[in-house]
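Chain by chain, the residues:
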Amino acid sequence: MRTLEEVLATLEIAKLKEEDLNPTIQCLSFGENVSSADYCLMELDDTLCKHIEAGDSLVIRGDKDERAVLCSRDKTYDLKIADTSNLLLFVPGCKTPDQLTGGQDRPHVEHAQIWGFCNSHWELRKQRPKLKKLKKLLMENPYEGPLLGGQEEVTENRYTMQDLLERIQASEEEIKDHLEIIHACQIDGFWRVLDFDYEMKLLGHVTQLVDSESWSFNKVPLRTSLEELAPLEPREMIEHCLSCYGKRFTENDEVFYALNEDKVCRALALMLLQNAVKFNLKEFQEVWQQSVPEGMSTRLDQLKGVSLVDRTSNPETISLLQVEDLPEDTLERFNHLFTLREKWTEEDITPYIQDLCGEKQSTGALLTKYARSSMQNGAKVFNSRRPVVT
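Position numbers for residues count from 1 along each chain, tracking the sequence in the order it is written. Only residues with pLDDT of at least 70 are given local features in this predicted model, and only at 80 or more are side-chain atom pairs given and counted; all residues enter the totals for whole chains, interfaces and linings. Just so you know, side-chain values use all the structure's heavy atoms and leave hydrogens and water out.

S.K.: Explanation requested: the overall build of the chain in the structure shown.
M.R.: Note on conventions: DSSP H or I runs of at least 4 residues are helices, E runs of at least 2 residues are strands, and numbering of each starts at the N terminus. Helix and strand counts for the chain stand at 13 helices and 17 strands. Every radius of gyration here is taken over C-alpha atoms, with the globule rule written as 2.2 Å times N^0.38, N being the number of residues. At 31 Å, the chain has a C-alpha radius of gyration far larger than the 21 Å of a compact globule built from 390 residues. Summarising its shape, the C-alpha atoms of the chain cover approximately 95 × 60 × 45 Å along the three principal directions. Each residue is assigned to one of three classes by its accessible area relative to the maximum for its type, calculated with a 1.4 Å probe on protein chains only: buried under 20%, partly exposed between the two thresholds, exposed over 50%. Buried positions account for 37% of the 390 residues belonging to the chain. A contact between two residues is defined here by any heavy atoms of the two lying within 4.5 Å. Across the chain, every contact between residues at least 6 apart in sequence was considered, and the portion connecting residues at least 24 apart equals 64%. Working note: accessible area of the chain is about 24000 Å², and carbon and sulfur atoms make up 47% of it. In this tally Asp and Glu are treated as negative and Lys and Arg as positive; neither His nor the chain ends contributes. Taken as the charge location is NZ of Lys, CZ of Arg, CG of Asp or CD of Glu. One finds the centroid of the 46 positive side-chain charges in the chain at a distance of 6 Å from the centroid of its 68 negative side-chain charges. Note on areas: Shrake-Rupley, 1.4 Å probe, and residue coverage restricted to the protein chains presented here.

S.K.: In this structure, what is going on with the sheet that holds strand β11 (residues 254-259)? I would like to understand it.
M.R.: Strands belonging to one sheet form pairs held by backbone hydrogen bonds; the direction of such a pair is parallel or antiparallel. Ordered by their spatial adjacency, three strands build an open sheet running β9-β11-β10, and the pairing between neighbours is antiparallel. Strand pairing shows two members of the sheet lacking a second neighbour, β9 (220-221) and β10 (246-251), which therefore form its edges. The sheet contact formed by β9 and β11 spans two bridges and is antiparallel. Following the sheet pairing, V220 is matched in β11 by Y257. A pair of strands is labelled paired if DSSP reports no fewer than 2 bridges between them.

S.K.: Even after reading the chapter, I still don't get the nonpolar core, so can you show me in this structure?
M.R.: The set of buried Ala, Val, Leu, Ile, Met, Phe, Trp, Tyr and Cys residues whose side-chain atoms join them within 4.5 Å is what this entry labels a nonpolar core. Counting residues in hydrophobic clusters, the biggest one holds 44 residues, and the most contacted among them are M237, L242, Y245, L259, F284, W288 and I318. Listed by contribution, the elements that provide at least two residues to this core are β7 (184-187), α6 (196-213), α7 (222-229), α8 (235-245), β11, α9 (261-273) and α10 (281-291). No other element matches the eight residues that α9 contributes to this core. Excluding residues within four positions of it along the chain, F284 makes contact with A269, L272, L273, F279, L303 and I318.

S.K.: Hey, could you run me through the packing of aromatic side chains in this one?
M.R.: Two aromatic rings are characterised by how far apart their centres lie and by the angle between their planes. Only Phe, Tyr and Trp rings are paired, with Trp represented by its six-membered ring, and only when their centres lie within 6.5 Å; those with planes under 30 degrees apart are stacked, over 60 edge-to-face, the remainder tilted. On inspection of all chains with the given rule, the structure shows nine aromatic pairs. Ring plane angle 65° and centroid distance 6.1 Å describe the contact between W344 and Y352, whose orientation is recorded as edge-to-face. There is no split in this pair, since W344 and Y352 are both buried. These aromatic residues form a ring-pair network of at least three members: F279, F284 and W288. One Lys or Arg, R158, reaches over the ring of F190 and ends 4.2 Å from the middle of that ring. Placement of a positive charge over a ring is assigned whenever Lys NZ or Arg CZ falls within 6 Å of the ring centre and within 35 degrees of the normal to the ring plane.

S.K.: Help me understand the sheet that holds strand β2 (residues 59-61), please; the structure alone is not making it clear to me.
M.R.: Reading across from one edge, β2-β3-β4-β6 is the order of the four strands in this open sheet, with antiparallel pairing throughout. Where the open sheet ends on each side, the last strands, each with one partner, are β2 and β6 (116-126). Taking the axes of each pair of neighbouring strands and ignoring which way they run, one obtains an average angle of 45° across the sheet. Sheet topology places strand β3 (residues 69-71) next to strand β4 (residues 76-90); three bridges connect them, and they run antiparallel. Of the residues in β4, the one forming a bridge with V69 is D78. Axis lines are fitted through C-alpha atoms, for helices just across the contact stretch, and the angle between N-to-C directions can take any value from 0 to 180 degrees.

S.K.: Sorry, what's going on with unusual backbone geometry here?
M.R.: Generally, phi is negative for residues other than glycine and the peptide bonds are trans, each holding for most cases. Here the residue pair N314 and P315 is connected by a cis peptide bond, since its omega of 0° sits within 30 degrees of zero. Here N157, not a glycine, exhibits a phi torsion of approximately 55°, which is positive.

S.K.: Can you help me understand the environment of V388 in this one?
M.R.: Mapped onto the fold, V388 is located in the segment after β17 (379-384). Spatially, the C-alpha atom of V388 lies 23 Å from that of N377, the residues being eleven residues apart in sequence. Beyond its immediate sequence surroundings of up to four residues, V388 is in contact with N335, F338 and T339.

S.K.: Explanation requested: the packing of α6 against α8 in the structure shown.
M.R.: Axis angle and axis distance: for two packed helices, these are the angle between their axes and the distance between the axes, and together they describe the pair. Relative to each other, α6 and α8 sit at 85°, their axes nearing to 10 Å. Viewed along their axes, α6 and α8 adopt a mutual orientation that is roughly perpendicular. For the pair α6 and α8, the contacting residues are Y198, E199, M200, L202, L203 and V206 in the first and M237, I238, C241, L242 and Y245 in the second. What sets the label is the angle itself: under 35 degrees gives roughly parallel, over 145 gives roughly antiparallel, 65 to 115 gives roughly perpendicular, and the rest give oblique.

S.K.: Is there a simple way to think about the environment of G295 in this case?
M.R.: The topology assignment puts G295 in the loop between α10 and β13 (307-310). With relative accessibility at 69%, the residue G295 sits in the exposed group. In this structure the C-alpha to C-alpha distance between G295 and K282, which are 13 residues apart in sequence, comes to 20 Å.

Here it is in C-alpha cells:
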C-alpha cells in the first residue's frame, strides 16, 4: 500500500499542487482473484432506485429463445449492453467528495480495495410488455364448463400466477391487467381463459334472464341472477360473466351490475364473424342488430380492432381481424398489415397499431416511420415504406 510520502512524491512529478486537492487521499488496490466477470453493472433511473431502496425486487425474465427483459412490480424494461471506453471499477469502500468527513486539514491516505471491474453496463429502456404469449398459453387448455358425468378433467397445461411470471415477459401488474382484458379467471388455483363458445353461452343466459325479467341492462341484481341461473351454470361463472361485461355497484346494500352495451355488442359480433371468412356488410349489420338484446344498439365503431371493413368491394364486406392475433414486433406488424391490404386509411389502421405506441408516442409518429402517405380519391392513405414480405 502506498504511503503518504509516495503519494506526495507522485503529486510533485505530476506538477499538481497539494493545496488544490482534497486532504483525504484515496488509494485504490485490486483485491485477490478480481475478474471482469464477477459483477454486472446496471444503470437505474430515480424510479427504479427508489423501488430498490424500498426493498422491492427487480426480476429478469425470458425463455432461452427470448431476449431478456427486466421487470419491476408494474413495468417492463428492455435490457441493452452499453460499452464504454473507460474502465468501470466497483469499489465499495471508496467515498465521493461529499461523503468525506471534514475536520482534517493535513493530507492523509485512506485505502480502498477494488472488488471488480468491467468495460460495459446494462442500460434500461421502458418497453411494452410481451403479453401475446399469455393467451397462447392459456388457450392450450381453455375452460369449457363443469365436467359432465364420466368426463375426466384435463390437468395438463394449467398455470398458476407463479407459472405465468416465470414464462411471460411482463410485470405482475401488467399480467394481472391483461388477464382481466382476456376475461381469464382463477379456477382451483389455476388461471384459465374461457372457451369462446362457453363464454357466449354464459352471456346468453345473462341477457335472456334480463330480458325475461324486464330488468334494465344498467341495473342487473347479482343475488337474483345467481339464484335464477344456478341450476344452469356454477355461480362463480355467472358472476365472472357479469364482471367481464358489466360494472359492479352497490345500492342499499345490494350488489348490481350495469352491463356495458359496447362489450356485449362486440362479443356477439365476434360470434357472428367467426362463422364466415367475409360477410356482406349490410346483411351482417342486420343480423348483428337482431342478435343483440332488445334495447341495445349496434355500431361499427364498437368493432375497432376486431373487424375490417372493405368499402372498395361491391358489395361492401366485413371480416374478422383481431389486433391480439397480430405480431407484437412493430416492423412485423406493419408488414403483416400491408400484406392484408396494400393501402390503409388512418382511421382503419389506427386500431391495429395503437397498442404499439410507447410513452409520449402517437400513431402518427409510427405511420411516419413505417409507412408512406399519398392521396387516393381525395383521401389520405398509407402504404409500406419497404417491400412487403409475404
